[in-house]
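Overview (structure and organization)
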Amino acid sequence: MLIREYSPRDIEWVLWIERACFPENQQYNATTFHSLHVKDPNLFIVAEYQGVIIGYAVGERWGDVGRIVSIAVHPSYQGRGIGSKLLEALEEKMLTRGVKTVRLEVGVSNTPAINLYLKHGYEPINIIEGYYGEENALVMAKRIKD
Ligand SMILES: CC(C)(COP(=O)(O)OP(=O)(O)OC[C@H]1O[C@@H](n2cnc3c(N)ncnc32)[C@H](O)[C@@H]1OP(=O)(O)O)[C@@H](O)C(=O)NCCC(=O)NCCS
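Source: prediction; values computed, not measured.

When you go through the protein residue by residue, the secondary structure sums to four helices and seven strands. Secondary structure of the protein in N-to-C order comes out as β-α-α-β-β-β-α-β-α-β-β. On C-alpha atoms alone, the protein measures out to a radius of gyration of 14 Å, which is about the 15 Å that the 2.2 N^0.38 rule sets for 146 residues. Each principal axis of the C-alpha distribution contributes one length, and for the protein these read about 40 × 35 × 30 Å. Per-residue burial over the protein gives 44% buried out of 146 residues. The long-range fraction of contacts in the protein, counting pairs at least 24 apart against all pairs at least 6 apart in sequence, stands at 60%. For the protein, the exposed surface amounts to about 7800 Å²; the carbon and sulfur share of it is 50%. Put simply, the protein has 16 plus and 18 minus side-chain charges, and the middle of one group is 7 Å from the middle of the other.

Listed below in structure tokens is the structure:
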């Protein structure tokens, strides 16, 4: 499996993963992915296996604060360590861009994702009510550089 930077030609794969992983009202569209890519090209990465894009992670940055915008692995490939690899690779990219703290929001009922972040040292810092419509968001953060 190869982790590499996203290229615009990957968009159909990324949308395929998006549709498989998120309810319709939480899916990003091609325009949003394009904007995220233009804003921070190095902070959009994909996992490729045998020519198929099976996961992606995308972040953004303001100064030394990074934010994980989204991370997803196609359900057929979940539970094999790919989410962890994408998260570690995105943190590395953020480090090279001068990020010291990484933040993210995750649905309070999204146990797989919360466990992934806890396993990688993220700590819960806040709750945002109604962030995903009915569902609240847990805000988590991790210091990646002193
Ligand atoms: C969250 C997600 C990216 C994890 O990807 P993954 O490749 O399956 O994760 P990994 O195999 O690397 O697992 C890493 C850790 O995540 C946690 N985890 C993953 N799947 C889990 C599950 N079904 N239940 C509980 N914890 C889980 C575990 O802590 C796991 O570590 P372990 O294997 O030592 O127990 C994946 O479940 C996904 O795409 N979910 C849908 C999209 C989504 O909700 N993204 C998060 C948006 S904030």
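Generally speaking, a soluble globular protein has its nonpolar side chains buried in company with each other. Ile 68, Ile 71, Leu 86, Met 94, Val 106, Tyr 117 and Tyr 122 are the most contacted members of the largest nonpolar core, which has 26 residues in total. Every element with two or more residues in this core is listed here: strand E2 (44–49), strand E3 (52–62), strand E4 (65–73), helix H3 (82–96), strand E5 (101–107), helix H4 (111–119) and strand E7 (135–143). Here this core gets five residues from one element, more than from any other, and that element is H3. Formed by 14 residues, the second largest nonpolar core is a distinct cluster that contains Ile 17, Val 46, Val 58 and Ala 72.

The next thing to look at is the site of the ligand. Near the ligand lie 21 residues; those nearest to it are Ile 71, Gly 79, Gly 83, Asn 110 and Lys 119. At 3.2 Å, a backbone N or O of Arg 80 approaches an oxygen atom of the ligand. Within the contact set of the ligand, an oxygen atom lies 2.7 Å away from a side-chain nitrogen or oxygen of Lys 119. Within the complex, the protein chains bury 72% of what would otherwise be the 920 Å² of accessible surface of the ligand. Breaking the shell around the ligand down by element, the ones donating at least two residues are E4, H3, E5 and H4.

What follows is about helix H2 (residues 30–39). All buried positions along H2 are accounted for by Phe 33, Leu 36 and His 37. Seen from one end, H2 has its buried residues packed into an arc of 100 degrees, which puts them on one side. Along H2, exposed side chains directed more than 90 degrees from the buried face belong to Thr 31 and Val 38. Elements that come into contact with the buried residues of H2 comprise helix H1 (11–21), E2, E3 and E4. Sitting at the amino-terminal end of H2 is Asn 29, which places a side-chain oxygen 3.1 Å from the backbone nitrogen of Thr 31.

Regular strands place their side chains on alternate faces of the sheet. Most of E3 sits inside the fold, with eight of its 11 residues counted as buried. Two elements, E2 and E3, share six bridges in a ladder whose sense is antiparallel. In the strand pairing of E3, Ala 47 is matched with Gly 55. Hairpin remark: E2 followed by E3, antiparallel, with two residues in the connecting loop; positive phi at Gln 50, about 50 degrees. Of the pairings in the sheet, the one linking E3 to E4 comprises eight bridges and is antiparallel in character. When the sheet's bridge partners are listed, Gly 55 is paired in E4 with Val 73. Hairpin connection, E3 to E4: the antiparallel pair is bridged by two residues, and Gly 63 has positive phi, about 55 degrees.

Scoring rules and cut-offs
Counting restarts for each chain, with residues numbered from 1 along the sequence as it is written. The predicted origin of the model limits local features to residues at a pLDDT of at least 70 and limits the giving and counting of side-chain atom pairs to 80 or more, whereas totals for whole chains, interfaces and linings rest on all residues. Side-chain measures were taken over the full set of non-hydrogen atoms in the model, leaving aside hydrogen atoms and water. In DSSP terms, a helix is any run of H or I states spanning at least four residues, a strand is any run of E spanning at least two, and both are numbered starting from the N terminus. Only C-alpha atoms enter the radius of gyration, while the globule expectation follows 2.2 Å times N to the 0.38, with N the number of residues. Under the scheme applied here, a residue whose accessible area is under 20% of the maximum for its type counts as buried, over 50% as exposed, and between as partly exposed, the area being computed with a 1.4 Å probe on protein chains only. The criterion used for residue contact is that any of the two residues' heavy atoms lie within 4.5 Å. Areas reported as accessible are Shrake-Rupley estimates using a 1.4 Å probe. Residue values count occlusion only from the protein chains shown. This count recognises Lys and Arg as positive and Asp and Glu as negative, with His and chain-terminal groups excluded. Throughout, a charge is located at the NZ atom of Lys, the CZ atom of Arg, the CG atom of Asp or the CD atom of Glu. Side-chain atoms within 4.5 Å are what join buried Ala, Val, Leu, Ile, Met, Phe, Trp, Tyr and Cys residues into a set we call a nonpolar core. By convention in these notes, a residue is near a molecule or strand provided one of its non-hydrogen atoms lies within 4 Å of it. Polar contacts, as used here, are pairs of N or O atoms within 3.5 Å; protein pairs need one atom able to donate a hydrogen and one able to accept it. Residues neighboring in sequence count only if both atoms are side-chain atoms. Directions are taken from the helix axis to each C-beta atom, and the arc is the one they span. Note on pairing: two strands pair once DSSP finds at least 2 bridges between them.

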